Amino acid sequence: MATRTRMTPEQRREQLLDLGAELFASHPYDEVHIERVAELAGVSRGLLYHYFPGKRDFFVAFLTRENESLLAETAPDPTLPPMEQLRGGVIAFLDHCIAHEHGVRAVFRGAVSSDPAIVDIVSRSIDLEVERILTAVDGHTDTAPVLVLALRSWIGMVRASCYEFLNDRTIDEQDVATMCIGAFVGAMSGLPASAVPAGLVRAIADVTPR
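Only a predicted model underlies this, so the values are computations on that prediction, with no experimental measurement involved. (Residues numbered from 1 in each chain as written. Predicted model: local features only at pLDDT ≥ 70, side-chain atom pairs only at ≥ 80, totals over all residues. Heavy atoms only, no water.)

## Digging into helix 8 (residues 145-167)
This is how the line gets drawn: Runs of E in the DSSP output that reach at least two residues are strands. Runs of H or I that reach at least four are helices, and both are numbered from the N terminus. Each helix should span, by expectation, one fewer than its residue count multiplied by 1.5 Å. Accessibility here uses a 1.4 Å probe with only protein chains present; expressed as a share of the type maximum, an area under 20% marks a residue as buried, one over 50% as exposed, and anything in between as partly exposed.
For helix 8, which comprises 23 residues, the first-to-last C-alpha distance of 34 Å matches the rise-based estimate of 33 Å (1.5 Å per residue) to within 8%. Taken together, the buried positions of helix 8 are Leu 147, Ala 150, Leu 151, Trp 154, Ile 155, Val 158, Arg 159, Ser 161, Cys 162, Tyr 163, Phe 165 and Leu 166.

## A look at the packing of helix 5 (residues 82-99) against helix 8
Helix-helix packing: each pair is described by the crossing angle between the helix axes and the interaxial distance. Counted only if it meets this: Throughout, an axis means a line fitted to C-alpha atoms (over the contacting stretch in the case of helices), and angles, computed between N-to-C directions, take values from 0 to 180 degrees. By the definition adopted for this analysis, an angle is roughly parallel if under 35 degrees, roughly antiparallel if over 145, roughly perpendicular if from 65 to 115, and oblique otherwise. Each crossing is labelled by how the near helix is turned from the far one, with a counterclockwise turn of less than a right angle marking it left-handed and a clockwise turn marking it right-handed. Contacts between residues were defined by any pair of non-hydrogen atoms, one from each residue, lying within 4.5 Å. In this classification, Asp, Glu, Lys and Arg are treated as charged, Ala, Val, Leu, Ile, Met, Phe, Trp, Tyr, Cys and Pro as nonpolar, and every other residue, Gly included, as polar.
Contact geometry of helix 5 with helix 8 gives a least axis separation of 10 Å together with a crossing angle of 40°. Here helix 5 is positioned oblique relative to helix 8, judged by the angle of their axes. For the element pair helix 5 and helix 8, the recorded crossing hand is right-handed. From helix 5, Leu 86, Val 90, Phe 93, Leu 94, Cys 97 and Ile 98 reach across to helix 8, where they touch Trp 154, Val 158, Arg 159, Cys 162, Phe 165 and Leu 166. In terms of residue class, the contact of helix 5 with helix 8 is made up of 11 nonpolar, no polar and 1 charged.

## Digging into the pattern of salt bridges
To keep it simple, the criterion reads: Salt bridges are identified by distance alone: a Lys or Arg side-chain nitrogen within 4 Å of an Asp or Glu carboxyl oxygen.
Within the structure shown, the criterion is met by 10 salt bridges. The partner of Glu 14 in a salt bridge is Arg 13, and the shortest N-O contact between them spans 4.0 Å. Arg 13 sits in the partly exposed class, given a relative accessible area of 27%. With a closest N to O distance of 3.3 Å, Glu 129 and Arg 159 form a salt bridge. Remark: Arg 159 occurs in helix 8 and Glu 129 occurs in helix 7 (residues 116-136); sequence separation between them is 30 residues. For Glu 129, a relative accessible area of 14% translates into the label buried. A residue is classified by how much of its surface remains accessible, and Arg 159, at 14% relative accessible area, is buried.

Function cannot be inferred from these measures alone, as they are strictly geometric.
And the structure:
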């Protein structure tokens, strides 16, 4: 008789989060009962609550994991020119969405939450992406608030576009990336000249959106 491989605590935790991702991706937060996760995993509710005291804790842990994975997979290559870094990041984000569809859908649902912990996770993730862009164009000196606003808004647009891409896979991934880069150039071009760092001006000078 075959013996079942025993999971380590970390492996069990990851299994529970994987199962939760599927539930949160297909149901509104209020309709998800994490006891169902225990049933799907074939473990007791007591064991589930050992890892996650409640649904909120479960979702925060899940969202933290997904954001860490996303940020790691979309890390820029600093040896590339800024706009190539940006396009590479958008394509990496699209690839991440395809590879982690359940998690992405759940994160997108969670992004509209009013829970302070969830809002903080999403906000810090966007802040890091803004930081990456500014680092690529040497734009950290006296960063204009309107530039930060434009960058955060553009990142929100990219995330929404990638989510919509998951809903219509007849759209070409490269077309989505090109659209996002064009939107970036347009957003930066619409800012007051004093708000755009010289490095960013140089970066977008030779980019012509289709």
